[in-house]
Amino acid sequence: MSKDKFDRGTALTIFKNDRTEDLAALVISLIIVGIVLMTVAR
Amino acid sequence: MVYTKKTPWVLIIGIIMVGFAWLVSQGHLAGVLKELHTSKLAGEMVTMGYIFGAIGVVVGLWQLALPAKEGNFDYYVSTIGGALFILLLVFVNKYGLEPMFKLWGSASEKAIGWNWTKTLGVNYILLGIIVGMIVVNVFKVPHWAENGVRLSRLGLKTGVVLLGALYSAAELRHLGGLSFTLIGFFVLGSVGMTLWLGSRKKIANSMGGVLSAGMGVCGVSAAVASAPVVQAKSTEIAYTIGTILLWGVLMMFIFPPVGRALGLGYTQFGAWAGTGILNSAQVAAAALIYQPNGIETLKVAEIFNITRILFLPIIVLWLAVWYVKREQTGLKVNLGQIIVGKFPLFVLGFILLFALSTTGIFAPPQHYQGKYFDNSEKALIKKDKEGNVTSSKMLKDEQVATLTAEADKVQREDQKAALTRLIENKKVMSIDDDDTLRGLVNAKVLSKDANHILSEAHKAVRHTAKRVSWFRDLIIWFFAFGLTGLGMQITMASIKQAGGQPIVIGTIVGLTKAIGSLLVVYLLVHETI
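Residues numbered from 1 in each chain as written. Chains lettered and ligands numbered in written order. Predicted model: local features only at pLDDT ≥ 70, side-chain atom pairs only at ≥ 80, totals over all residues.

(A) Representation of the overall build of chain A within the structure. Across its full length, chain A holds one helix and zero strands. Across the 42 residues of chain A, 33% fall into the buried class. (Helix = DSSP H or I, 4+ residues; strand = E, 2+ residues; numbered from the N terminus. Buried ≥ 20, exposed ≤ 12 C-beta atoms within 10 Å, placed from the backbone.)

Laid out in structure tokens, this is it:
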């Protein structure tokens, strides 16, 4: 794990910043939504 | 730098998972599952075991056979080992440790009259966090798993975004006003109190500013977002994060047993956790520790947590004005840029999915807590191909007789009318009637038997949408993954950062917030069922 200036505890992430992580969460969620919409009947 | 470490462990974890799924699917573990009361989870064990196991086998073989090349692909693939390591721990906790603890709890209830696992809320979420903390602080996270552990917050954020799909407009109408009032009061109150205490204790304005955002809004992210506004030094951010983490971790373990001791309902506990616990991840953890096999508490807690995050721009503005006034340094801070740059995007994702949910693509739009009303014959009566009734959820004659005999006990006109319509039609006739009859059950006017009949009639007309059910299962897995990984990030080093005046101020504000929100929730928030 790369050393931060200080230990961010739960804020550790593989992404370069929080915004990228948020975007990744959004993209994963939308992919899951798409799969559920296509494969599961309402 | 090459991040993917050559290790046989990814392959070994994959083989263990596939092997476990195969043993369950072939019935070789049927005796064990029966003993542990986990037979109903067999389908899930097989599906999850095969999916994750296959990924482990393929990635493990590929990592052993081919040399990794430096680049983005290598960086992101290096996370798979750690992710599988966390998932293996989730398997162990959910399918092994939790059922074993439950058995020990039942045994202790028989022996000493106290089910300690129930009282303490021992479940796979709590065990995941504890096991994670033990792994990182006692054994250290294996080097090949380090990058994967850093995926845990992504798991939590994805879970929160997906959670948006489970809300309906009706639900938000019910919780929205309450959460805005409660959160508004406690967020602004905590920020104000921290700033006031900070000036009394004569700590630096930058320290007070960053600590107030952390104590008031949503923990670590808020502290980081507000840091540039108050020109906070990295040591001050570290003090704030240490204070928040220390409090978050303590509250995560303390809230559930206190909630249980006070007999709080799911809505009450969710509202309390979403208001009183400082950091988002620990809010989710406390809610799932309180109710591990359902999502009602988590949903309430998260709507409160998200309402809190929505206050972030207001707090950033407040702090900017406060700081400039106190320092009068003439430093120019671009507020708009900070708000746009730091506002958590996953909250917008949650709102997007909620907006999609209100269109009715996941469940009928009038659904409430994932369940929709349908009292049609098709929904209540099952028939075979020849048209013969195979099962019916309409009231039976003897149930009608029980309710008729007790109808005189009901005094309220609306309840009387709803009960009469139920007796006449042998089924609940409308959503309003359903709500009214649930109120009658809560009021405990009728006998236990009659209330049971009413509850059955309620269940017969409320159906869980299949898509919502899928989302619910997926969300639980995302949170289980994220929270087990979270445990592996609660290092003693991060907690030790708290110290001096910040911890004193944090303790006063944190305690006031936890106790104050408990009092308000206990006295003013009531369950809908």
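Picking up after the structure, the text goes on.
(B) Representation of the packing of helix α1 (residues 9–25) of chain B against helix α3 (residues 42–65) of chain B within the structure. Residues and elements named next belong to chain B. Following both chains from N to C, one finds α1 and α3 inclined at 150°, their axes separated by 7 Å at the closest point. Accordingly, the angle class assigned to the pair α1 and α3 is roughly antiparallel. As for how α1 packs across α3, the hand of that crossing is left-handed. Grouping the amino acids of the contact of α1 with α3 by side-chain chemistry returns 20 nonpolar, seven polar and no charged. (Axes fitted to C-alpha atoms, helices over the stretch in contact; angles between N-to-C directions. Parallel < 35°, antiparallel > 145°, perpendicular 65-115°, else oblique. Left-handed = near helix turned anticlockwise from the far one by under 90°. Nonpolar A, V, L, I, M, F, W, Y, C, P; charged D, E, K, R; others polar.)

(C) View of the domain arrangement of chain B. Here chain B is described as being made up of domain 1 (9–145), domain 2 (185–354 + 496–524) and domain 3 (375–464). In this structure, domain 2 of chain B and domain 3 of chain B have C-alpha centres spaced 45 Å apart. (Domains from an automatic or database assignment.)

(D) Local environment of the interface of chain B and chain A. Counting residues at the interface gives 41 residues for chain B, matched by 28 residues for chain A. For the side of chain B that touches chain A, the elements supplying multiple residues, two or more each, are α8 (146–149), α9 (152–163), α12 (220–226), α13 (234–261), α19 (345–358), α25 (466–487) and α26 (492–496) of chain B. In terms of residue class, the side of chain B that touches chain A is made up of 24 nonpolar, 11 polar and six charged. (Contact = placed C-beta atoms within 7 Å.)

(E) A look at the environment of Ala225(B). Residue and element names in this part refer to chain B. Relative to the helices and strands, alanine 225 is located in helix α12. Here the alpha-carbon distance between alanine 225 and serine 430, two residues 205 residues apart in the chain, equals 48 Å. With near-sequence residues (within four places) excluded, alanine 225 lies in contact with Leu312, Val316 and Lys342.

(F) Spotlight on the nonpolar core. Core analysis: the biggest nonpolar cluster contains 164 residues, and Ala223(B), Ala284(B), Ala285(B) and Ala286(B) have the highest contact counts within it. The residues touching Ala284(B), leaving out its near neighbours within four places in the chain, are Leu156(B), Leu298(B), Ala301(B), Glu302(B), Phe479(B) and Leu483(B). (Core = buried A, V, L, I, M, F, W, Y, C linked by C-beta atoms within 7 Å.)

(G) Fine view of the packing of helix α21 (residues 397–406) of chain B against helix α24 (residues 448–461) of chain B. Residue and element names in this part refer to chain B. Taken N-terminus to C-terminus, the directions of α21 and α24 make an angle of 120°; their axes are 10 Å apart at the nearest point. Put simply, α21 runs oblique to α24. Note on packing geometry: the crossing formed by α21 with α24 is left-handed. Here Gln399, Thr402, Leu403 and Glu406 of α21 lie close against α24, whose contacting residues are Asp449, Ala450 and Ile453.

(H) Spatial organisation of the confidence of the model for chain B. All names here are of chain B. Averaged over every residue, the pLDDT of chain B is 85; the share at 70 or more is 95%. Across chain B, element-level confidence peaks in α1 with a mean pLDDT of 97 and bottoms out in helix α18 (residues 335–342) with 71. Overall fold confidence for the complex sits at a pTM of 0.77, while the interface term, ipTM, reaches 0.84. (pLDDT = per-residue confidence, 0-100.)

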